[in-house]
Structure formats: C-alpha cells, structure tokens
Amino acid sequence: MTLEKLEKMAQRERERQEKFERRVFCCISTACLSAGAGRTINALQEAVDACQCKENDVEVVQTGCMGLCSRGPLVRVEDKSGEPIIYADVDIDVSQQIIAKHVPMGKLKDESVSEDVQEIREKLKKARRRKGLEQRILDTNAPFFAKQEKIVLQNVGHVDPEKLEDYLAHGGYSALGHVLQNMTPEEICDEILRSGLRGRGGAGFPTGMKWNFVRKEESSTKYVVVNGDEGDPGAYMDRTMMEDNPHQVLEGMIIAAYAVGASYGFFYIRGEYPIAVDRIRRAIRTARRNGILGKNVLGTDFNFNAAVRIGAGAFVCGEETALIHSVEGKRGMPRMRPPYPSTSGLWGKPTLINNVETMANIPPIINGGADWYSRIGTEKSNGTKVFALAGQLTNTGLIEVPMGITLREIIYDIGNDVPGDAEFKAAQTGGPSGGCIPTEHLDTPVDYENLNKLGSIMGSGGLVIIDTTTSMPEFAHFFMDFCVDESCGKCVPCRVGTVQIRTLLDKIIDGRGEPEDLNKLEALCHIVKATSLCGLGQSAPNPVLSTLRFFREEYQTLISSQEPT
Amino acid sequence: MKNSSESQANKKHFNSSDHPSGDERFKVIDRTMKRFDFEKDALLEVLHATQESFGFLSNDLLIYISSQLRVPLSQVYGVATFYHSFTFEPLGKHNCIICTGTACHVKGSATITQALSEQFEVPIGKTTEDGLFSLTTARCLGSCGLAPVAVLDGEVHGRQSPQSTISLVKDILARETEVLEQGEPG
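Source: prediction; values computed, not measured.

Here is what the cut-offs are and how they apply
Residues numbered from 1 in each chain as written. Chains lettered and ligands numbered in written order. Predicted model: local features only at pLDDT ≥ 70, side-chain atom pairs only at ≥ 80, totals over all residues. Helix = DSSP H or I, 4+ residues; strand = E, 2+ residues; numbered from the N terminus. Buried ≥ 20, exposed ≤ 12 C-beta atoms within 10 Å, placed from the backbone. Contact = placed C-beta atoms within 7 Å. Nonpolar A, V, L, I, M, F, W, Y, C, P; charged D, E, K, R; others polar. Domains from an automatic or database assignment.

Participant: Can you break down the overall build of chain B residue by residue, with the values?
Facilitator: Across its full length, chain B holds eight helices and four strands. Reading chain B from its N terminus to its C terminus gives the helix and strand order α-α-α-α-α-β-α-α-β-β-β-α. Going through the 186 residues of chain B one by one, you find that 32% of them count as buried. Considering only contacts within chain B whose residues lie at least 6 apart along the sequence, 56% involve residues at least 24 apart.

The structure is reproduced here in structure tokens:
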C-alpha cells in the first residue's frame, strides 16, 4: 500500500469519528482491567445498545491508559457540546449513570426487544435519578494532569490500540512516510542526534550516536531489536506503551530500521506481559497486511519485517548482550563488551537495540523536528520521561513529565502527597539498580546527571514512594534479595558479592551487627560495583549504598540497640 | 543456519506421524517447531509452547525437544532452568500468585504471602499435598497503581490484605470440597 492510500484510510476514519455526537472511551490497559474495566466496557456497550439512540449518536471506544491508574477503571466522555469529562472508579452502576446522563434515550423502535434490554432500560431510568456522579469526575485542571507534558503518551488514551485506522487518524505513520520519501538514512540519524534523545532504558546513551554506529557498519544483514523486557519491579511504562499504542512503537522501529539499514527486527517482550505480546503481534499483522511491513514498505524499495520473541522471566535479559543470547534461544547471560552489539549482535551481525520508550519517541521527533524536541527538558537531558508513579501516594499511575521537573513537583503536585498519617521518606528511582532520594534533595531537577550525582539512576522510569513506615535497611534487603535471585551467575563479583551483601544485611537487621560491619558492607558494595561484568552487578549495590548514604543512622540504630548492656 | 539435508532429516522425523503416545498436547509443540522450521534458535519459543500445553516441563518433554530440535539435552536443560518462567513440577488446580514488586512490597505483600502460607500450610512456591492449591510469587505484575496485587486463577485482585486474600482462596477451595462431596456416591 502506498502513502496516499494510507492517508485516505486516515481521512475516512477521521470522518467516521467526527460523525459521532459523542464518544465514550474506556481504558482497557492492564491496571484498569485488573480493577474491572472488562465489566465496565461491557456495561457501557450494553447500556448504549439498550438506549436505541439514533445512528451516530454515540460510540463506545476501547482505549489505553489515561494516567490515574489508582482510580481505575477510567472512562472519558467526549461530547461535541462540551469539554471532555473523565470519570474515575467506574463500576457497572456508575457506567449506567454515565450513559444515562450523556446519552439521550431513544424510543423503542421495536417492541419485541429482549427482556434484558428492557431491564437495562429500566436501570438506566433509575440511574438518571441517582446522585453522586459528580464525585466521580476528575478535575482535568488539577496538577496531576496540568503538570504533565505528553509527547510519547500523546495518543495513549485516545486511540484504540487494536485499530490501525485509529492510529492513522491521529497522524500515525506520517513520520514513516515522510522519512521514506524525503530523508536519507544519514539525515535521519543526524536529526535524532540533534534532538538530543537519550536511551530511555536507563543508561541514557545518545540514541542518534548509537544509530550512526550501526548505520556505518558494512554488513548485508543488520537487525533492530526493541527491548521490551521491562524487569524493574514497580515499572510499567513500556508495557503501557506496547499495550496502548503498539503502532507508535512499531513506527519508531521501522524508521530506525530504515535509518540503520536493517531488514529484520525483533520485539523482545517480557513473558509476564501477555496483553502487550498480543497487541504488538496484532499490530505487526495489520501493518503487514497494509503494506507498512514486509516487502516494499509503503511502496518504496525498502524491505523490513518484524517478529515477537517472548522473554521467560530473567531480569538480566534487559542487558543488551544477555538479551541477544535470549533472542537466539540460549541462556540469557551477558558477555564482555566490546564488541558492542552495534558491531556484533544477533548472530554476529550489527544490531541496534533500543528501549520501547526510545522507539516511541521517534515518530514525534520526526513530526515535530529536532529543534522543537531539543527545547524541551534540560540542557543535557532533552524531551520528556514517562514514569510509573507508585507506592505510598494519593495519586499513583502513569505520568509523562518534561525532564528537569523537580521530584517535589512530581510527589506533592502530581502525586498529591502521601496519604494518611505517615510522612514522605524517600523516592526510589531506577528499581533494583537505583537508589533512594530523601526529602532534602527533593528540589533536584530530574535528569540523567542529577540523579547519578545522588547515587541513583534515571532507570527505565519506575518511581516508588515510600513513607516513614518503611525501614531502609529492610528496603535495601528487599532489593538485594531481588539481585541475588536474578544474578545470572556468570561472574563471581555479582554471584558471590550479592549473596555476601545480603548476609551482612541479614546480620544487621537481625540485630547481630557489629560497628565495623557498615564499613565492610560499603567496601563490598564498591568491589561488586567496580568488578561485575554487566549492568546488573555494577548497579546491584546502589540501593544499599544510597540508603547507607542518606539513612545511615537507621543502620547504626539497628547495630547499637542490640549491643549487650 | 543449518544445512538443508539436516533440515530435511528433521522434517522427515516430524512427518513420520503424531506422537506415539497419542497425547494431543504434543501437537502444540510440533506445530511450534514446524513454524520455526526446526531452527535451534527457536528453543525458547518451543519451551514456552510446551509449558503452555502441558503446564510444566517434565524430563521426558525436555528429551523430546532435544531430539526434535537436535540440541544437546544438557543445553535444553540449561536453558529451561535458567529462566524463572519455566517450572518442573505441575501446579495445583488453583493457583494464587502474589506480586512481590516494589510497590506491592512497600504496601505489605510479604505479609499476605506469609499469611497464606500459614493458613493453607503450603510453603511459598509449592503446592498443597492434595494438589488443589499452589502459592507462588511474581516479580511485578505491573498493576502498581492497585498494589498490593494477588492473581487468583488468572483473575487480578487489587488492594489486597492478608484477610481479603485468605477469604478469596477459602471461597475457591470451599467450592472445590462442595463438588467433591456432591460427587461422592450415596
């Protein structure tokens, strides 16, 4: 299919959508599904059917994450006559109230409708009189929404993730069309380089530079891999992206492939994300059917195909060399670098590996231009970052904020403070590879460099808030447990070191600690950091080191309180 | 890439007939291997398909995969044991997964696991002796907004407490004994 045909498809879909007087969007992302969104969307559809209203009066649309996962299931009503309204905690009763309020009930054309429909109509009439719907309305001017800036998630919560036409109607694949027609691979790499985009998987390597490495390799076969092995506990940005707007990730991947000269690509997706696997597979199939993937992409002479590989629950497979082994069907163990995957990756061929969020940034950058993108964020960290905000906060969910925002704004404005009597204690970023940031550093702007200075990392975007009820040595122990479990066992510092760190933590927490143990612990952490083979081991001591740095007195209290009297 | 004669030999092996045991579940494995043209690289995918079909990986299944893909058994075993998703024991009829991700952890998921383990007398990661109930944990299910999260027989339950999860499991097990009692003759 050519670009013109895609544009026609987009136009048709836009016209179809505009015909509707109102559209009711229901989030069907994992978080809302766990809160019962499956029942909600069925109830909405049933209620709409029972209304028997005019054609083009209302459409129920399944869509992705609207952000405030803690209040799910979320439903948004877009009415031509007013501002969009988001309803929270929508169960079956509330969904009937929503339809009763927004959708005019039509006259029954046919008296012989089933009893079920009659029953729902009765319920809707009652629901119309019921009070309390206003309390479910979320204030979209509240800081939770107002402080965010959506680039990657721009269309998430607006498009139906299972419908190519909907993505097209929102401008999807126009970036791909543009680069295929008007840009050389070199120009694309330069554009990405100038945009200042850095890898969103955690390490923050300049994406354009990585692309150039692979582009300059001379090889008849090159691969692109999208890293969707989001193993950090407490992080679900990549899953949301793959579930809620799979085509945007796919579009980024195809542009990357064209830019580096790859003809085949893999999505490596965590096995724990069955919905993401399903939606990406579906996106690939539809793209292939419509000439966006396969031979002669969009009628040009560029050929590219993609497939999904499913991970099997190994955190270390997020590391690029381990990931390569896993895609090749082997034990997912890392190897020494260099050679980097850009020279020798999958089956020894040059391979570009980018995180899901990095890929999802590509279409907006191409559409908006590098100059626009590089103006967002801080000097060295451009653009936005998606965070999964979780833990002890009033508002938890998925947020996208410009780089350089302070943690204070994220926690107190967007997150709306810690609930209950407890108080904020620390923000944990970067999962088991990151650290804890205490109150006194809350005004630090969030970017790669500043978080590193605080002994933490940006990581892939997990942001867990803990309150004063959590003991820090115990929290560090939790992460060390994780690392002991996930260490692949290839190199000694990580395999043995993590166990020894945990043993020392056990000793301290059990009250058998001695004063010199803290120094031993610190020294051991530095050894593991300096000598481990891959990122897992090199960053495994971070949670311990950062809690020792900011909450040392908690360790000391544990040690001194147990000394014999 | 393997040479064509080896590939043909494999195909012949496959085409010879269905699995001699007559067990339909082998078809899922065979289909997956065929889809990947018996490439050794497909080992992980084949293991996934096998576990999906059989529920767990037995030694016999590993031997079967090894001979079909022509991958040394040691390698099949090495790969299967490397990844957490693969299990070598059958799960119970009902399975409760407690999320142990960071968000669930700070909201007390460990106390839920502990309480379940004590209440139903089953070690974490194991199955009760009657084979009815397994208690397992998972590394972050990604429903952090609803922490702590438990998944009971595939259904996700958010904002759990030890009491609420115990009563959910009790309900399911109670139904099971009802069925048993009803099913007993006379």
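Participant: Can you break down the interface of chain B and chain A residue by residue, with the values?
Facilitator: Taken together, the contact pairs 31 residues of chain B with 36 residues of chain A. Listing elements by their share of the side of chain B that touches chain A, those giving two or more residues are α3 (43-54), α5 (73-82) and α6 (102-106) of chain B. With four residues, α6 of chain B is the single largest residue contributor to the side of chain B that touches chain A. Considering only residue class, the side of chain B that touches chain A consists of 17 nonpolar, 11 polar and three charged.

Participant: With reference to specific residues and values, describe unusual backbone geometry.
Facilitator: The omega angle of the peptide bond from Gly72 of chain A to Pro73 of chain A is -5 degrees, so this bond is cis rather than trans. Tracing the chain through its elements places Pro73 of chain A in the loop between β2 (58-63) and β3 (75-79). Here the residue pair Arg337 of chain A and Pro338 of chain A is connected by a cis peptide bond, since its omega of -5 degrees sits within 30 degrees of zero. The topology assignment puts Pro338 of chain A in the loop between α14 (320-327) and β9 (351-355). Positive phi values are uncommon outside glycine, yet Asp417 of chain A reaches one of about 70 degrees. Along the chain, the position of Asp417 of chain A falls in the loop between α17 (407-414) and β12 (424-429). Here Arg159 of chain B, not a glycine, exhibits a phi torsion of approximately 45 degrees, which is positive. Checked against the element boundaries, Arg159 of chain B lands in the loop between β4 (155-157) and α8 (162-183). For Arg159 of chain B, a count of 15 C-beta atoms within 10 Å translates into the label partly exposed.

Participant: Account for the domain arrangement of chain A, with residues named and values stated.
Facilitator: It is common to report an interface's size as the accessible area lost on association of the parts. All names here are of chain A. Domain boundaries in chain A define domain 1 (20-141), domain 2 (172-374), domain 3 (384-464) and domain 4 (472-560). Taken over C-alpha atoms, the centre of domain 3 sits 22 Å from the centre of domain 4. Across the boundary between the two partners, domain 3 contributes nine residues, which contact 14 residues of domain 4. For the side of domain 3 that touches domain 4, the class distribution of residues is four nonpolar, five polar and no charged.

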